[in-house]
Amino acid sequence: MKFPKKTNILHIILLLFILSSCEKEKKKIELRDDQLPKTTLPIMKPLLQKEPPLEALYVNQKKAQIDSFYKKNWPNNTANGSFLVAKNGQIIFEKYEGFSNFSDKSLINANTPLHIASVSKVITATAILKLVNAKRITLDQKVNTLLTEFPYPDVTIRTLLNHRSGMRNYAYFTDRDKSVWDRKNILTNQDILTLLATKNIELENKTDTRFSYCNTNYAILALIIEKVTKKAYKDAMAAIIFEPLGMKNTYVFDYEKDKNKAVTSYKGNKVEIGKDYLDAVYGDKNIYSTPRDLLKFDRARSSSQFLNPSLLKEVYVGYSNERKGTKNYGLGIRMINWDTGQNFYFHNGWWHGNTSSYITLKEEGVTIIALSNKFTRKTYNVRKLAVLFGDYPFKIGDE
């Protein structure tokens, strides 16, 4: 009589084990962005699939070539910033040089956040695309369905992302006429929207008839992020991108809190550039980051979990060729499209004395980041390094 009881006990234990295992498997199943509860934000996820390791010989060869370029581009330790080249997420070369503050001689290191200027647009666009992926908004949704005071009825989220809205640059329409804006006052994103709605600021050209790079587009996209997430832009960006990816040295500049402690920017002659009335506007700029954090961001954008395939394809379509050419703009990313079929994806930035360059060689799995807080156009020369990894028509020795 005891034997059946023991058997029953074993059956019960086995059943509990199976149920427990099934429950764990359920927990492992991750919901797609569009399956998330409306109260849950979609988030960026690190690239989990293992990328091929690099052979030591390959790394040493590339490192030597990059070092040679670095010394030629910034001779005699003249760089003042941070620089990184990686393949498959593995850092081949990085360099941190110069001062975050020339007065107190604070050195720039791997953890020093520098202003990434318009490379911020790639990150703003990424948050918008995640919200599209989660079906909280659509690419062709009219902006005035979200921001009711927005005065241009034909402008969509897509035309903000690809700079085809036709809007004027806020830096220009607030700069010349005191009846529009008094430069003694700090301008905010909401101020921009209010001015557009109340000051009869006409479009520069009819919506979606031509490409015109304009910071106003991304200032408005930041307001859309706030409207949809019900969070301040800086908190939404932390929740959707920075925290999930472990970007611990990345943040959105808060004018009141950070104006006296953020890394200083300088002219090429090391003269400090102070803050001005435009420094509180975000979305188009005002993210501080490091090359290592931006590497995490770039690899996450290469993950199959980033966007659904049809949406991802739209990101890398060129929208800016009214006539045939190589220069183009997608949804938050610049590109060069050659007749050979080769494509080069990047974004540059410039704000005050800060210059930045973000390059992602998608086919080769290469990330190139250059940031500087002392003005120099040499930051943009790092595109020439693409020839070390693929068939790109740049010449590394060109001046």
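Everything numeric here is computed off the predicted structure, so don't read it as measured data.

For helix 3 (residues 120-133), which comprises 14 residues, the first-to-last C-alpha distance of 20 Å matches the rise-based estimate of 20 Å (1.5 Å per residue) to within 8%. Immediately beyond the C-terminal end of helix 3, within one or two residues, lies K135, with a positive phi of roughly 60 degrees.

On to unusual backbone geometry. Of note, the phi angle at N77 is positive, near 55 degrees, even though the residue is not glycine. Mapped onto the elements, N77 comes out in the loop between helix 2 (56-73) and strand 1 (81-87). With relative accessibility at 60%, the residue N77 sits in the exposed group.

Time to look at the packing of aromatic side chains. Taken as a whole and judged by the stated rule, the model has 23 aromatic pairs. Taking 5.9 Å as the distance between ring centres and 70 degrees as the angle between the ring planes, the aromatic pair formed by F344 and Y392 counts as edge-to-face. Remark: Y392 occurs in the segment after strand 14 (366-372) and F344 occurs in strand 12 (residues 343-351); sequence separation between them is 48 residues. Judged by relative accessible area, which is 0%, F344 ranks as buried. The rings of W338, F344, F346, Y392 and F394 are connected pair by pair, giving a single aromatic cluster. One cation-aromatic arrangement involves K285 over W351; the distance from NZ or CZ to the ring centre is 4.8 Å. Over the ring of F346 we find R383; its NZ or CZ atom is 4.7 Å from the centre of that ring.

Take the sheet that holds strand 9 (residues 287-289) next. Taken in spatial order, the three strands of this open sheet run 5-9-6, and their pairing is antiparallel. On the outer flanks of this sheet lie strand 5 (114-115) and strand 6 (251-252), each paired with one strand and no other. Looking at chain direction, strand 5 and strand 9 are connected through two bridges and run antiparallel. Following the sheet pairing, L114 is matched in strand 9 by S289.

The next point concerns helix 7 (residues 215-229). With 15 residues, helix 7 ought to run about 21 Å at 1.5 Å a step, and its terminal C-alpha atoms sit 22 Å apart, in line with that. Most of helix 7 sits out of view: 13 of its 15 residues are buried. Count one or two residues on from helix 7 and you reach K230, which has phi positive near 60 degrees.

What counts and what doesn't
Residues numbered from 1 in each chain as written. Predicted model: local features only at pLDDT ≥ 70, side-chain atom pairs only at ≥ 80, totals over all residues. Heavy atoms only, no water. Helix = DSSP H or I, 4+ residues; strand = E, 2+ residues; numbered from the N terminus. Expected span 1.5 Å × (residues − 1). Buried < 20%, exposed > 50% of the residue type's maximum accessible area, 1.4 Å probe, protein only. Phe/Tyr/Trp six-rings, centres within 6.5 Å; stacked < 30°, edge-to-face > 60°. Lys NZ or Arg CZ within 6 Å of the ring centre and 35° of its normal. Pairing = 2+ DSSP bridges.

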